[in-house]
Amino acid sequence: QRVDDGDDDDDNDLDEVDDVAETLWSFYRLVHLIFDFYAAQSSGGGLDSITLNPYADFVRDAKILVEKSSTCSSNHLDMLFIAVNANNKELSAKDKEQGKVADRTLDRCEFTDALVRMAIMKYVQTKEIPDVSTALAHMFEHDIRPNLDVAALLDPNHDTRTARRFYNEEVD
């Protein structure tokens, strides 16, 4: 069944996909700041992925986690981490034979995928907001941005407070 979200174009089912892409683009910098902040807290020393514990911190900090919820409990959000991770990390038969295990991390694209799914779980599945792109924007504006630690939202390249803290004059 094709559902048009009300745009005037004729591609029906692609309307909402395009709207979600536009919403993600409008929050592009915020997604990067959040990812970098929580990736820095991940074990393994890399800044290119988020492990389960910082992910769990994020969903709690951003108030996406709703205990006793039928869609956004810690169990649901942990399963989301595993599902997004598993979809993108299939091991080859040769790797499995060698005893390799898929990494248990989310890269930036997988994290973005998880954000969209979180909006669906929290708002669309509960019928609070029927439109995915609107639910995603609402989650950024009402859950993520106001609830995260200010440190997660600082852009080190554009925030003068951060620049003063990390870039000092040379001293003899």
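All values reported here derive from a predicted model rather than from experimental measurement.

> Describe the overall build of the protein, with residues and values.
When helices and strands are tallied, the protein shows nine helices and two strands. Taking the intrachain contacts of the protein between residues at least 6 apart in sequence as the baseline, contacts between residues at least 24 apart amount to 56%. Accessible surface computed for the protein: about 10800 Å², of which carbon and sulfur atoms make up 51%.

> Describe in detail the environment of Thr112, supporting the description with residues and values.
Along the chain, Thr112 falls in helix H6 (residues 108-124). Those residues in contact with Thr112 that sit more than four places away from it in its chain are Leu24 and Val31.

> I'd like a rundown of the pattern of salt bridges, residues and numbers included.
Scanning all chains against the criterion turns up five salt bridges. Note that Arg108 is salt-bridged to Asp36, the shortest N-O span being 3.1 Å. Of this pair, Arg108 sits in helix H6 while Asp36 sits in helix H2 (residues 28-39), and the two are 72 residues apart along the sequence. Judged by its relative accessible area of 26%, Arg108 is partly exposed. Here Asp113 ties to Arg117 by a salt bridge, and the two come within 2.9 Å at their closest N and O atoms. Highlighted residues: Asp113 and Arg117, both in helix H6, separated by four residues, approximately one helical turn.

> For the packing of aromatic side chains, give the residues involved together with the corresponding values.
Evaluated as defined, the whole model comprises seven aromatic pairs. Ring plane angle 55 degrees and centroid distance 4.9 Å describe the contact between Tyr55 and Phe81, whose orientation is recorded as tilted. Taken as a pair, Tyr55 in helix H3 (residues 52-61) and Phe81 in helix H4 (residues 74-88) lie far apart in primary sequence, 26 residues in all. Of the two residues examined, Tyr55 and Phe81, each falls in the buried class. Among the aromatic residues, those joined into a ring-pair cluster are Phe35, Phe37, Tyr38, Phe58 and Phe111.

> Before we move on, can you summarise the confidence of the model for the protein with the specific residues and values?
In the predicted model, the protein carries a mean pLDDT of 81, and the fraction of residues at 70 or more is 72%. Scored below 50 in pLDDT, residues 1-5 shows twelve contacts in the model against residues more than four places distant or in partner chains.

> Give me the lowdown on H2, citing residues and values where you can.
Between its first and last C-alpha, H2 extends 16 Å over twelve residues, near the 16 Å set by a 1.5 Å rise per residue. Looking at H2, one finds that the buried residues are Leu30, Val31, His32, Leu33, Ile34, Phe35, Tyr38 and Ala39. Where H2 is buried, its residues touch strand S1 (50-51), H3, strand S2 (105-106), H6, helix H7 (132-147) and helix H8 (150-153).

> So what's going on with the packing of H6 against H7? Which residues, and what values?
One way to put it is that H6 packs onto H7 with a least axis distance of 8 Å and a crossing angle of 95 degrees. Overall, the two elements H6 and H7 adopt an arrangement that is roughly perpendicular. Each of Leu115, Val116, Met118, Ala119, Ile120, Lys122, Tyr123 and Val124 in H6 lies in contact with H7, whose residues at this interface are Val132, Ala135, Leu136, His138, Met139, Phe140, Asp143 and Ile144.

> Help me get a handle on H6, residues and values and all.
The end-to-end C-alpha separation of H6 is 23 Å, in line with the 24 Å expected for 17 residues at 1.5 Å each. Turning to H6, its buried residues are Glu110, Phe111, Thr112, Ala114, Leu115, Val116, Met118, Ala119, Met121, Lys122 and Tyr123. The distance from a side-chain oxygen at the start of H6 to the backbone nitrogen of Cys109 is 3.1 Å, and the residue carrying that oxygen is Asp107.

> Outline the side chain of Asn85, supporting the account with residue identities and numerical values.
Relative to the elements of secondary structure, Asn85 occurs in helix H4. At 2.4 Å, the side chain of Asn85 forms a polar contact with the backbone oxygen of Thr105.

About the criteria used
Residues numbered from 1 in each chain as written. Predicted model: local features only at pLDDT ≥ 70, side-chain atom pairs only at ≥ 80, totals over all residues. Heavy atoms only, no water. Helix = DSSP H or I, 4+ residues; strand = E, 2+ residues; numbered from the N terminus. Contact = heavy atoms within 4.5 Å. Areas by Shrake-Rupley, 256 points an atom, 1.4 Å probe, with all protein chains shown as cover. Salt bridge = Lys/Arg side-chain N within 4 Å of Asp/Glu carboxyl O. Buried < 20%, exposed > 50% of the residue type's maximum accessible area, 1.4 Å probe, protein only. Phe/Tyr/Trp six-rings, centres within 6.5 Å; stacked < 30°, edge-to-face > 60°. pLDDT = per-residue confidence, 0-100. Expected span 1.5 Å × (residues − 1). Axes fitted to C-alpha atoms, helices over the stretch in contact; angles between N-to-C directions. Parallel < 35°, antiparallel > 145°, perpendicular 65-115°, else oblique. Polar contact = N/O pair within 3.5 Å; in protein donor to acceptor, adjacent residues only side chain to side chain.

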